Amino acid sequence: MNQNIFIKLIIVAIFSLPGCFNGTAHGQVSDTKKFKKASGKIERGFEKNNIDTLAQGFFDLGEIYYQQGELTKSESYYQRSKMAFEKMENAEGVAKSSRALAKVQEELQKNKEAIINYQIAEKNTWATGDSNSTKLNRNDIGRLLKPDSFLVQEKLIQDNIDIGLKNKDTNEVVVNYSRMAELNLRKQNLPTAITAFGKAYSFSKQNPGQALYYNGIITDIYLKNKKFDKAIEAKKQIISEPFVQNSSQLKASEITSLADIYIQKKENLTAIGLLNESYAISVKNGHTLEAKKCIEKLDSIFQRSGKKEMSLKLYKIFLAQLPNIISKDSSLTDTKFIAETEEKLKKLETEKALKDDLLRKKNIFTYWLIGSIIILSIFTGIILFILNKLKIRNKKIALQSLRREMNPHFIFNSLNSINQFIANNNELEANQYLTKFSTLMRRVMENSKEDFVLFSKEVELLQNYLELEKSRFTDKFDFELKIDDTLYAEEQLYIPGMLIQPHLENAIWHGLRYINNKGFLKLHFTKKEESIIITIEDNGIGIAESKNIKSANQQKQSGRGISNTMERIKILNELYHQRIICLVEDKIAPDHGVIVHISVPILKSIQHDH
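Residues numbered from 1 in each chain as written. Predicted model: local features only at pLDDT ≥ 70, side-chain atom pairs only at ≥ 80, totals over all residues. Heavy atoms only, no water.

*Asks:* Any chance you could explain unusual backbone geometry here in plain terms?
*Replies:* Negative phi values dominate among residues other than glycine, just as trans dominates among peptide bonds. Residues other than glycine seldom take positive phi values, yet Gln109 does so here, at roughly 65 degrees. Relative to the assigned elements, Gln109 resides in the loop between helix H5 (91–107) and helix H6 (111–128). A positive phi angle, close to 60 degrees, is found at Gln188, a residue other than glycine. By secondary structure assignment, the location of Gln188 is in the loop between helix H9 (170–186) and helix H10 (190–203). (Helix = DSSP H or I, 4+ residues; strand = E, 2+ residues; numbered from the N terminus.)

Right under this line is the structure:
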């Protein structure tokens, strides 16, 4: 095998190693510091779950790749930035990232997607009140919708340049001068296109990557049209720029590009001199790829000139110097760092997606659980409501039953009285009693329909009842019914019906009728704070003595009226949330008889359908 070919194969093998020598392409500038800063924001955003920092980090990384000409990566990071800003509902961020994304998509010939993102940007700039940005986006939408109208295109692009100059937005000025140049290329207006690219180049000098890109376009246009002197002039201009002079890598790269123009011009001696200069800079500063390019171009010149020995010597020198060049080459470390960082960011993004998915599923389960608890609570509430209604209904039925039970009890006792009048052949008194009884029964029936009745009607019923019993037991007792004037003053006052009558009946039938002398029955109504105090007092034989004189059968049957009343009080308190109190007790010796105290809260209105 030829020795020269063998050395070339070794060099090719070295530069073909995976992950090595993926250096910066022509027109790109590696800015590791900016990359570190942007990726650092993204890492912090993931770690602290800070969407704002994450969105800005994605945007910065998109900018870096856009300036380096890596449009596909730039599109990806701008898209992520936009999604993060949308999640925060940050209109300004959405506008910024959507417009940047649209620009990249336009350069990638994805005009439909670009229009959509320009529209999103326009909507959000309008929301933030940024009229200039709204107009920029509107112009770009109009421009993409009419790609074949040069007149419309030129007008809208110039309008964007004017807005950019007014706002001192260099990026807008550069992008739109580039568009103007592309438009003139389509119109085959070469001088105007070169002038527009020149302006784009002039305004982009603060951004080396963009400046190199536009200088490269200008140079390529001149070369395509065989204007070598103009191409050399353009290339020398970029080499003289401070940002190139201050970067050994850019300087070596651009000198190599200049040498390539001389090669095309067939001025090999000048080209060899420039390539040697570029090679020396590359070896000194550790720019492996640039050194390799120089060797390959020199080899090409020597091979065409038939100077194979010089080519072999050149490769031997390069192979010997290669370890030293590589040891100085920081771009290798930078490339590795960028690759590792990108991999780390992908991993963090994957982890974040998994966490978000897990959180989403957890939230779905939580919402399902909360929803189930709410539904169960509502269902339980409905059941409790129904049960409560049934409970109330049952209590009302029980109350009704107790009221109805009072009526036969009262009627039975009254009929006994009538029977006694008839048995004594006292027809007149029986007739009078029966007339009073009929009136009383009508009142009882009227009052027994509701749980609460008007105070005045209940008092009237009690008055009639006492008079009826007095006509039967003329010699057994007198009575006194006394009502406080304050109670008379109340217009609408309600009390439970048939609550007092059983105690009056008890006093007469089980107390007063057994004494030898004439007894006395008091029924007093007084007002105390927010209650009616009802006092029933007799001087009969008392509760204990009454029990003693009753037969065993009488003891079993008696007391139903009072127990019925007590049950009604209990149900009324539960059903209407009242505090009706009834206390029955014997008087303390030497007095005899029974005293009953009933306390009923003052009610000025009632609810029949509780």
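After presenting the structure, the write-up continues.
*Asks:* Before we go on, may I ask you to explain the environment of Leu523 in this structure?
*Replies:* With respect to the element layout, Leu523 can be found in strand S4 (residues 519–528). For Leu523, a relative accessible area of 1% corresponds to the buried category. A sequence separation of 40 residues divides Leu523 from Ile483, and the C-alpha atoms of the two residues are 8.5 Å apart. Those residues within four positions of Leu523 in sequence are excluded, and the remaining contacts are Leu462, Leu466, Glu480, Leu481, Lys482, Ile500, Leu504, Ile534, Thr535 and Ile536. (Buried < 20%, exposed > 50% of the residue type's maximum accessible area, 1.4 Å probe, protein only. Contact = heavy atoms within 4.5 Å.)

*Asks:* Can you help me understand the side chain of Asn573 in this one?
*Replies:* Within the secondary structure layout, Asn573 lies in helix H25 (residues 560–576). A relative accessible area of 19% places Asn573 in the buried class. Setting aside anything within four residues of it in sequence, one finds Asn573 in contact with Gln578, Arg579 and Ile580.

*Asks:* What's the story with H9 in this structure? I'm lost.
*Replies:* The α-helix winds at 3.6 residues per turn, so residues separated by three or four positions along the chain end up facing the same way. Counted at 1.5 Å a residue, the expected span for H9 with its 17 residues is 24 Å, and the 24 Å between its end C-alpha atoms agrees. By the criterion of burial, H9 is predominantly enclosed, with 12 of the 17 residues buried. When we look at burial in H9, the residues that qualify are Glu172, Val173, Val174, Val175, Asn176, Tyr177, Ser178, Arg179, Met180, Ala181, Leu183 and Asn184. At the exit of H9 stands Gln188, carrying a positive phi of roughly 60 degrees. (Expected span 1.5 Å × (residues − 1).)

*Asks:* I'm lost on the packing of aromatic side chains in this one. Help?
*Replies:* Here a ring pair, both rings aromatic, is described through the centre-centre distance and the interplanar angle of the planes. Across all of its chains, the model carries 11 aromatic pairs by this definition. Considering the side-chain rings of Phe35 and Tyr65, the 6.3 Å spacing of their centres and the 80 degrees angle between planes classify their relative orientation as edge-to-face. Of this pair, Phe35 sits in helix H2 (residues 32–48) while Tyr65 is found in helix H3 (residues 51–67), placing the two residues 30 residues apart along the sequence. Judged by its relative accessible area of 2%, Phe35 falls in the buried class. Ring geometry for Tyr65 and Tyr77: centres 5.8 Å apart, planes at 15 degrees, overall stacked. (Phe/Tyr/Trp six-rings, centres within 6.5 Å; stacked < 30°, edge-to-face > 60°.)

*Asks:* Sorry if this is basic, but what is going on with the environment of Phe243 here?
*Replies:* On the secondary structure map, Phe243 appears in helix H13 (residues 242–245). With residues near it in sequence (within four places) discarded, Phe243 still touches Lys205, Pro208, Ala211, Leu212, Ile238 and Leu250.

*Asks:* Could you clarify how one ought to interpret the sheet that holds strand S7 (residues 594–601) in this entry?
*Replies:* Whether parallel or antiparallel, the strands of a sheet pair through hydrogen bonds between backbone atoms. The strand order across the open sheet built from five strands is S2-S4-S5-S7-S6, with neighbouring strands paired in mixed fashion. Every interior strand has two partners, whereas the edge strands, strand S2 (477–483) and strand S6 (581–586), have only one. Ignoring strand direction, the axes of neighbouring strands in this sheet form an average angle of 10 degrees. The pairing of S4 with strand S5 (residues 531–538) spans eight bridges and is classified as antiparallel. Following the sheet pairing, Leu523 is matched in S5 by Ile536. This element, helix H20 (residues 455–472), spans S2, S4 and S5 of the sheet and lies at about 170 degrees to S2. Seen against the sheet, helix H22 (residues 501–510) touches S2, S4, S5, S6 and S7 and runs at an angle of roughly 155 degrees to S4. (Pairing = 2+ DSSP bridges. Axes fitted to C-alpha atoms, helices over the stretch in contact; angles between N-to-C directions.)

*Asks:* Help me out: how do you make sense of a nonpolar patch on the surface in this one?
*Replies:* A contiguous nonpolar patch, built from Tyr367, Ile370, Ile374, Ile378, Ile382, Phe385 and Ile386 and spanning about 710 Å² of accessible area, is present on the exposed surface. Its place among the elements puts Ile374 in helix H18 (residues 330–423). Owing to a relative accessible area of 45%, Ile374 belongs among the partly exposed residues under this scheme. (Patch = residues over 30% accessible without salt bridge, like charges linked within 9 Å, V, L, I, M, F, W, Y side chains within 5 Å. Areas by Shrake-Rupley, 256 points an atom, 1.4 Å probe, with all protein chains shown as cover. Salt bridge = Lys/Arg side-chain N within 4 Å of Asp/Glu carboxyl O.)

*Asks:* I'm lost on the packing of H3 against H5 in this one. Help?
*Replies:* In a pair of packed helices, the angle between the axes and the distance between the axes together describe the arrangement. Close contact between H3 and H5 brings their axes to 11 Å; oriented N to C, the two are set at 30 degrees. With respect to their mutual orientation, H3 and H5 come out roughly parallel. In the packing of H3 onto H5, the handedness of the crossing is left-handed. Seen from H3, the contacting residues are Gln56, Phe59 and Tyr66; seen from H5, they are Lys96, Ser97, Ala100, Val104 and Glu107. Split into classes, the residues belonging to the contact of H3 with H5 amount to four nonpolar, two polar and two charged. (Parallel < 35°, antiparallel > 145°, perpendicular 65-115°, else oblique. Left-handed = near helix turned anticlockwise from the far one by under 90°. Nonpolar A, V, L, I, M, F, W, Y, C, P; charged D, E, K, R; others polar.)

*Asks:* What's the story with the layout of surface pockets in this structure? I'm lost.
*Replies:* Where empty space is left becomes clear once a probe the size of a water molecule has been rolled over the atoms. Approximately 820 Å³ is the volume found for the largest pocket. If you trace the largest pocket, you find 32 residues lining it, with Glu106, Glu107, Ser178, Arg179 and Glu182 closest to the centre. Only H3, H5, helix H7 (131–145), helix H8 (150–167), H9 and helix H11 (208–224) provide two or more residues apiece to the lining of the largest pocket. Of the residues forming the lining of the largest pocket, the biggest block, eight residues, is contributed by H11. Tallied by class, the residues present in the lining of the largest pocket amount to 11 nonpolar, 13 polar and eight charged. (1 Å grid on protein atoms, 1.4 Å probe; cavity = no way out; pocket = protein on both sides within 12 Å on 5 of 7 lines; lining within 4 Å. Points joined across faces, edges and corners; volume = space filled by probe spheres on them.)

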